[in-house]
Amino acid sequence: MTQLPSPDDLLILLTVARLGRFNAVAETLGTTHTTISRRILALDRQLGGRTLERSPHGWELTELGASAVAAAERIEETLGSLAAATSQDRDALSGMVRISTSDGFGAEFVTPALVRLQQRHPLLNVEMLSATRRVSQNRSGVDLEVVVGRTDVSNAQAIFLTNYFLRLYASPAYAAERGLPETPDGVRQHGFVSYVESALQVAELGHRSSQLPMPKSSFQATSIFAQVEAVRRGAGIGLLPNFMVARNPEFVPVLPEAFQRQVPIWAVARPESLRSARVQAVIGALQHEVAERQDLLAA
């Protein structure tokens, strides 16, 4: 009699296919890297071949592994349906979802969207990692990446969420003391607040790609929240996301008719993750959040 593969091991393989890293899978499932590796090897023996292979992008499915994941997805769907049918108190949308996002957009849009989703589905667990970067070419250890700027990865799907604007702002006190430039060239006479260029992965967010002149002095930070605070305290003119400061009286627009930069935000996931009900629910929650608050993004 042919030995059937372990359903538990198939579900572990499914999680590896979605996250791509054993450490991330171990954290999600509350176990160890060694246990994950051992269970995948056991599954390989049961199936008579390798289900995963290393690539420059991390762990990728073999042809056998893709067939096994398809079976695992059917098991996951069946278990979810069974849980929903057998208990009115049990939510079919449960388990862990891991998301990476830029810190500003993450705080202003991703967090409220996920909190509301979790309130509707209290068995859903969320891990949100802050990272302002382009989409990862490697398996990133998350189910979903919310990224800024262009998406140029071939082994994932990018879903457009929204655009926002980068504009120039200063504090009222700075404007009163130093005055504000009347043309973009006048920026050279001022302090300027922006990202640390040497650590910046998304060029569109930095001063260097803005075509503005070199400022008199600079205050650079990897955190957008530090940049906002620096502008508020008078460090200079800042290149800031409109949705974080546009309606705040502590910030004065600078050259509102002469300078702005539009930046897209995308949700990016591998095909295996996109077939997860949790990931689909998160994407839907994000789309609803940005649709409800387009006035802030366009301010």
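Enquirer: Explanation requested: the overall build of the protein chain in the structure shown.
Expert: A tally of helices and strands in the protein chain yields 11 helices and 11 strands. With respect to the three principal axes, the spread of C-alpha positions in the protein chain is 85 × 45 × 25 Å. The proportion of buried residues among the 299 residues of the protein chain is 50%. Taking contacts inside the protein chain between residues at least 6 apart in sequence as the whole, the part at least 24 apart equals 76%. In the structure as shown, the protein chain presents an accessible area of about 14,500 Å², 50% of it carried by carbon and sulfur atoms. The distance from the centre of the 29 positive side-chain charges to the centre of the 30 negative ones in the protein chain is 4 Å.

Enquirer: When you look at the pairing of strand E9 (residues 237–241) in this model, what are you seeing that I'm missing?
Expert: Every regular strand shows the same layout, with side chains that alternate between the two sheet faces. Burial of E9 is extensive: five of the five residues sit out of reach of the surface. Here strand E6 (residues 157–170) runs beside E9; their pairing, made up of four bridges, is antiparallel. Pairing of Tyr-169 across the sheet is with Gly-238, part of E9. Looking at chain direction, strand E7 (residues 191–194) and E9 are connected through two bridges and run parallel. Directly across from Phe-192, in E9, lies its bridge partner Ile-237.

Enquirer: What's the story with helix H7 (residues 224–232) in this structure? I'm lost.
Expert: One turn of the α-helix equals 3.6 residues, which is why residues spaced by three or four share an orientation. Considered for burial, the residues of H7 that qualify are Ile-224, Gln-227, Val-228, Ala-230 and Val-231. Buried residues along H7 cover an arc of 160 degrees about the axis, so they all sit on one side. In the core, the buried residues of H7 are packed alongside helix H5 (103–120), E6, E7, strand E8 (217–220), E9 and helix H8 (242–245). Of the residues flanking the end of H7, it is Gly-234, one or two places downstream, whose phi is positive at about 90 degrees.

Enquirer: I would appreciate a short explanation of the environment of Ala-17 in the present structure.
Expert: Inspection of the secondary structure puts Ala-17 in helix H1 (residues 7–19). A relative accessible area of 3% places Ala-17 in the buried class. Sequence separation between Ala-17 and Glu-60 is 43 residues; the distance between their C-alpha atoms is 6.9 Å.

Enquirer: Got a minute to help me understand H5 in this structure?
Expert: In this model H5 runs 24 Å from its N-terminal to its C-terminal C-alpha over 18 residues, within 8% of the 26 Å that 1.5 Å per residue would give. The sharpest bend along H5 reaches about 40 degrees and sits at Val-110, with the proline Pro-112 one to four residues further on.

Enquirer: Please explain unusual backbone geometry as it appears in this structure.
Expert: Even without being glycine, Gln-211 reaches a positive phi, approximately 65 degrees. Mapped onto the secondary structure, Gln-211 falls in the loop between E7 and E8. A residue is classified by how much of its surface remains accessible, and Gln-211, at 77% relative accessible area, is exposed. Despite not being glycine, Leu-255 has its phi angle at roughly 50 degrees, a positive value. Along the chain, Leu-255 turns up in the loop between strand E10 (252–254) and strand E11 (261–269). Owing to a relative accessible area of 8%, Leu-255 belongs among the buried residues under this scheme.

Enquirer: Would you mind going over the environment of Leu-297 with me for this structure?
Expert: Structurally, Leu-297 can be placed in helix H11 (residues 294–297). Here the alpha-carbon distance between Leu-297 and Phe-243, two residues 54 residues apart in the chain, equals 5.3 Å. Each residue touching Leu-297, except ones within four places of it in the same chain, is listed here: Phe-109, Thr-162, Asn-163, Tyr-164, Phe-165, Asn-242, Phe-243 and Val-290.

Enquirer: In this structure, what is going on with the nonpolar core? I would like to understand it.
Expert: What tends to happen in soluble globular proteins is that the nonpolar side chains get buried as a cluster. Counting residues in each nonpolar core, the largest one holds 56 residues, and the members touching the most others are Leu-144, Tyr-164, Leu-168 and Leu-205. Here the element with the most residues in this core is E6; it accounts for seven residues. Non-local contacts of Leu-205, meaning those with residues more than four positions away in its chain, are made with Thr-132, Val-148, Tyr-164, Leu-166, Tyr-195, Leu-200, Leu-239 and Val-263. Grouped together as the second largest cluster of nonpolar side chains are 20 residues, Ala-17, Leu-43, Ala-68 and Ala-72 included.

Enquirer: Explain the side chain of Asp-143 here, please?
Expert: Structurally, Asp-143 can be placed in the loop between strand E4 (124–130) and strand E5 (144–148). Among buried charged residues, Asp-143 stands out as having no salt bridge; its nearest opposite-charge side chain is Arg-278, 5.6 Å away. A distance of 2.8 Å separates a polar atom in the side chain of Asp-143 from the backbone nitrogen of Arg-98. Setting aside chain neighbours within four positions, we find Asp-143 in contact with Arg-18, Leu-19, Met-96, Val-97, Arg-98, Val-268, Ala-269, Ser-273 and Val-279.

Enquirer: I'm lost on the pairing of strand E3 (residues 95–101) in this one. Help?
Expert: Burial of E3 is extensive: six of the seven residues sit out of reach of the surface. The pairing of E3 with E4 spans seven bridges and is parallel. By the bridge assignment, Thr-101 is partnered in E4 with Ser-130. Two elements, E3 and E5, share three bridges in a ladder whose sense is parallel. Its bridge partner being in E5, Ser-100 is matched across the sheet by Glu-145.

Definitions and limits used
- Residues numbered from 1 in each chain as written.
- Predicted model: local features only at pLDDT ≥ 70, side-chain atom pairs only at ≥ 80, totals over all residues.
- Heavy atoms only, no water.
- Helix = DSSP H or I, 4+ residues; strand = E, 2+ residues; numbered from the N terminus.
- Buried < 20%, exposed > 50% of the residue type's maximum accessible area, 1.4 Å probe, protein only.
- Contact = heavy atoms within 4.5 Å.
- Areas by Shrake-Rupley, 256 points an atom, 1.4 Å probe, with all protein chains shown as cover.
- Lys, Arg positive; Asp, Glu negative; His and termini not counted.
- Charge placed at Lys NZ, Arg CZ, Asp CG, Glu CD.
- Pairing = 2+ DSSP bridges.
- Arc of directions from axis to C-beta.
- Expected span 1.5 Å × (residues − 1).
- Bend = angle between axes of the 7 residues up to and from the residue.
- Core = buried A, V, L, I, M, F, W, Y, C linked by side-chain atoms within 4.5 Å.
- Salt bridge = Lys/Arg side-chain N within 4 Å of Asp/Glu carboxyl O.
- Polar contact = N/O pair within 3.5 Å; in protein donor to acceptor, adjacent residues only side chain to side chain.

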